[in-house]
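Structural features, examined
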Amino acid sequence: MRVNVTVNGEKLTAGDVWPGESLLYVLRERLGLPGAKNACEQGECGSCTVYLDGTPVCACLVAAGQAEGREVVTVEGLADGDRLDPVQRAFVECGAVQCGFCTPGLIVQAHALIAATPGVPADAEIREALAGNLCRCTGYEKILDAVRLAAARKAAP
Amino acid sequence: MDFLRPVTWADALAAKAEHPAATPIQGGTDVMVEINLDKGRPSALLDLNPVAELQDWDESDGWFRIGAGVSYTRVITELGAWLPGLAQASRTVGSPQIRNRGTVAGNLGAASPAGDSHPPLLASGAMVEAESVRGTRLIPIGEFYTGVKRNALAPDELIRAVRVPRADGPQYFSKIGTRNAMVIAVCSFGLALHPGRREVGTGIGSAAPTPRRAPEAERFLAGELDWEGRTAPSPEAVRRFGELVVQAASPIDDVRGTRDYRLHALAVMARRTLGWAWAEYKGE
Ligand SMILES: Cc1cc2nc3c(=O)[nH]c(=O)nc-3n(C[C@H](O)[C@H](O)[C@H](O)COP(=O)(O)OP(=O)(O)OC[C@H]3O[C@@H](n4cnc5c(N)ncnc54)[C@H](O)[C@@H]3O)c2cc1C
Ligand code: FES
Ligand code: FES
């Protein structure tokens, strides 16, 4: 089957889609957008997090056909050309990226948290918001630093 | 595999009647895991996301009718004030991403004994609104769970909504797991006090082949509580309540915990939720 979906503002069509395929597979293998990562395919790690109609979800758990006619934003869609999104910049500056596999999902999830929170979210809020994103490398401290930095810059630019 | 995409509720019911073997998919947080891990391939997926009728909830006569497409996130933010037990349980489901997609109706469809919405639905006396081209029926929640991962839906039926009465007293939910997020319950317990009719509701999760109530514990506690004067129940009564909850359970040993641990934990959760509920009732 064919799936029509708007990804990062562009109307795209994926052909030859198997009906049991996930949105993640379509993004990575059919539309050439490898930003969202495939690690567990069972919703446990969050590395495939993308926006679906403005809400962060695990792309591995959305059936491709469920994305028909909807809007998806992946980590590739956050930067403005070469200008990184403030959340991306904070991750780089804080050393919150090691192997980088968890990073795209964390960036999208952190982006959603910061967009929804006025001011700097409390640590407990950050931890709860990122509870579905696993990182095997950093120990999370630098990730928390990055989220606080990006939120502080948004609050007082 | 076929992918069916009805856009109205009437079309969805017609599609289910024509393809009774099709697997409905709402949030996909159970269905897609099975497909991704190749644990079973349905002959067809019946996508309910486009069905606008399922995306809303409303209230009338003290009952909330929660459409099958309403996510846990929305239950928490939009319904928490009136359905605190269900909202507390919803908060413990998976992660934000899972709660953004997963639904109470999907939890009912999966009917896992460990599903977190079941104990509060049992404790509050909810009803499942099932519909097919043949008509609508309201299934009392206690009759909905028929076996491990089995429910009372007929092959041509879909869940239209879950109906939950507005809380008429304190409601609490407690869940045991290895961390605070992303855990399937080792066991869980829901409690609802109904001071208006002097009744108590309970729901046990992950400690029997199906979610179930503890009717004797409910009757005992309802008779024991000082509804009028609001003095605290005696320590013996609290302990006895815990014992009766334990007697209603029949857990097994599995990878998440042993039978003995679950029985012990259930008694603790029963006593604790009662403590929280009574403190709230007394206005503390
Ligand atoms: C990482 C992860 C963590 C999780 N953590 C928890 C947790 O903490 N607690 C918990 O309880 N669950 C948990 N789950 C399981 C799952 O999220 C829940 O069971 C959720 O409620 C399923 O809802 P859904 O809308 O995604 O269902 P789907 O996957 O779309 O469907 C689930 C089942 O219900 C059926 N169904 C769906 N809608 C209907 C309908 N309208 N009529 C009839 N049948 C229908 C489907 O055919 C399927 O059998 C977790 C899952 C994942 C992937
Ligand atoms: S790949 Fe989707 S959550 Fe792990
Ligand atoms: S940086 Fe390696 S998994 Fe997070």
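About the criteria used
- Residues numbered from 1 in each chain as written.
- Chains lettered and ligands numbered in written order.
- Predicted model: local features only at pLDDT ≥ 70, side-chain atom pairs only at ≥ 80, totals over all residues.
- Heavy atoms only, no water.
- Domains from an automatic or database assignment.
- Contact = heavy atoms within 4.5 Å.
- Buried area = accessible area lost by both parts, 1.4 Å probe.
- Salt bridge = Lys/Arg side-chain N within 4 Å of Asp/Glu carboxyl O.
- Polar contact = N/O pair within 3.5 Å; in protein donor to acceptor, adjacent residues only side chain to side chain.
- Helix = DSSP H or I, 4+ residues; strand = E, 2+ residues; numbered from the N terminus.
- Core = buried A, V, L, I, M, F, W, Y, C linked by side-chain atoms within 4.5 Å.
- Buried < 20%, exposed > 50% of the residue type's maximum accessible area, 1.4 Å probe, protein only.
- Pairing = 2+ DSSP bridges.
- Axes fitted to C-alpha atoms, helices over the stretch in contact; angles between N-to-C directions.
- Right-handed = clockwise from strand over helix to strand, strands pointing away.
- 1 Å grid on protein atoms, 1.4 Å probe; cavity = no way out; pocket = protein on both sides within 12 Å on 5 of 7 lines; lining within 4 Å.
- Points joined across faces, edges and corners; volume = space filled by probe spheres on them.
- Nonpolar A, V, L, I, M, F, W, Y, C, P; charged D, E, K, R; others polar.
- Near = heavy atom within 4 Å.
- Areas by Shrake-Rupley, 256 points an atom, 1.4 Å probe, with all protein chains shown as cover.

Notes on the domain arrangement of chain B
Residues and elements named next belong to chain B. Looking at chain B, the domain boundaries give domain 1 (2–43 + 54–165) and domain 2 (171–281). On a C-alpha basis, the centroid separation for the pair domain 1 and domain 2 is 24 Å. On the side of domain 2, 27 residues touch domain 1, which itself brings 23 residues to the contact. Between domain 1 and domain 2, the buried area comes to about 1800 Å², and carbon and sulfur atoms account for 63% of it. Here domain 1 is connected to domain 2 by one salt bridge. The salt bridge involving Asp116 is made with Lys175; its shortest N-O contact spans 2.7 Å.

Points about the interface of chain A and chain B
Contacts between the two partners involve 33 residues from chain A and, on the opposite side, 29 residues from chain B. Buried surface at the junction of chain A and chain B, summed over both partners, amounts to about 2300 Å²; 56% is from carbon and sulfur atoms. In terms of surface lost to chain B, no three residues of chain A exceed A:Trp18, A:Leu61 and A:Gln66, which account for 26% of the buried area on that side. Here chain A and chain B share one salt bridge between them. At the junction of chain A with chain B, the criterion picks out 15 residue pairs in polar contact (both at pLDDT 80 or more). Where the side of chain A that touches chain B is concerned, the elements lending two or more residues are β3 (49–52), β4 (55–58) and α4 (123–129) of chain A.

Brief notes about the domain arrangement of chain A
Residues and elements named next belong to chain A. When cut into domains, chain A gives domain 1 (3–78) and domain 2 (86–155). Once you take the C-alpha centre of each, domain 1 and domain 2 turn out to be 21 Å apart. Every contact between the two is made by 15 residues of domain 1 and, on the other side, 13 residues of domain 2. Of the roughly 1200 Å² buried between domain 1 and domain 2 on both sides combined, carbon and sulfur atoms contribute 66%. For the domain 1 face of the interface with domain 2, the top three residues by lost area are Tyr51, Val75 and Leu78, together amounting to 38%. Here domain 1 is connected to domain 2 by zero salt bridges. Taken together, domain 1 and domain 2 are joined by five residue pairs in polar contact (both at pLDDT 80 or more). With three residues, the single largest contributor to the side of domain 1 that touches domain 2 is β3.

Section: the nonpolar core
Counting residues in each nonpolar core, the largest one holds 70 residues, and the members touching the most others are A:Leu27, B:Leu108, B:Leu121 and B:Ile141. Sequence-distant contacts of B:Leu108, defined by excluding residues within four places in its chain, comprise B:His118, B:Leu121, B:Val128, B:Ile141, B:Phe144, B:Tyr145, B:Asn151, B:Ile159 and B:Val162. Counting 29 residues, the second-largest nonpolar core is a separate cluster that includes B:Ala207, B:Val245, B:Ala265 and B:Leu266.

Observations regarding the sheet that holds strand β13 (residues 199–205) of chain B
All names here are of chain B. Taken in spatial order, the three strands line up as β11-β12-β13 in an open sheet, and their pairing is antiparallel. The open sheet terminates on both sides in strands that have one partner only, identified here as β11 (171–176) and β13. Averaged over all neighbouring strand pairs, the angle between strand axes comes to 10 degrees, with direction disregarded. Alignment of strand β12 (residues 187–194) against β13, held across seven bridges, turns out to be antiparallel. Within the sheet, the bridge partner assigned to Gly190 lies in β13 and is Gly203.

Things to note about the pairing of strand β3 (residues 44–47) of chain B
Residue and element names in this part refer to chain B. Both faces of β3 are covered, namely the face carrying Ala44 and Leu46 and the face carrying Leu45 and Asp47. Bridging between strand β1 (residues 2–4) and β3 involves three bridges; their strand directions are parallel. Note that in β3 the partner of Phe3 across the bridge is Leu45. Looking at chain direction, strand β2 (residues 23–25) and β3 are connected through three bridges and run parallel. Within β3, the position partnered with Ile25 by the bridge is Asp47. Regarding topology, helix α2 (residues 31–36) serves as the crossover connection from β2 to the parallel β3, and that connection is right-handed.

Some remarks on the sheet that holds strand β6 (residues 127–132) of chain B
Residue and element names in this part refer to chain B. Strand order in the open sheet formed by five strands is β4-β5-β10-β6-β7, with antiparallel pairing between adjacent strands. Across the chains shown, the open sheet's two edge strands, defined by having one partner strand only, are β4 (57–60) and β7 (135–140). Going from strand to strand, the sheet's axes swing by 25 degrees on average, the running direction of each strand aside. Summarising the sheet, β6 and β7 pair through six bridges and their orientation is antiparallel. Residue Glu129 lies in a different strand from β7, and its bridge partner there is Leu138. The strands touched by helix α1 (residues 9–18) are β6 and β10 (158–165); relative to β10, the strand with the most contacts, the crossing angle is about 120 degrees.

Thoughts on the layout of surface pockets
By volume, the second largest pocket amounts to about 600 Å³. If you trace the second largest pocket, you find 20 residues lining it, with A:Leu113, A:Ala129, B:Thr73, B:Pro96 and B:Arg99 closest to the centre. Looking at the lining of the second largest pocket, the elements that each hand over two or more residues are β4, α3 (103–116) and α4 of chain A together with α3 (72–79) and α5 (96–101) of chain B. By residue number, the principal contributor to the lining of the second largest pocket is α3(A), which donates five residues. Grouping the amino acids of the lining of the second largest pocket by side-chain chemistry returns nine nonpolar, seven polar and four charged.

Some thoughts on the site of ligand 1
Near ligand 1, the surroundings consist of 36 residues, among which B:Pro24, B:Thr29, B:Asp30, B:Tyr72 and B:Asp116 are the closest. Flanking ligand 1 are residues from chains A and B. The side chain of B:Asp30 places a nitrogen or oxygen atom 2.6 Å from an oxygen atom of ligand 1. Compared with its free state, where it exposes 980 Å², ligand 1 has 91% of that area covered by protein. Listing elements by their share of the shell around ligand 1, those giving two or more residues are β2, α2, α5, α6 (104–110) and β10 of chain B. Grouping the constituent residues of the shell around ligand 1 by class yields 16 nonpolar, 15 polar and five charged.

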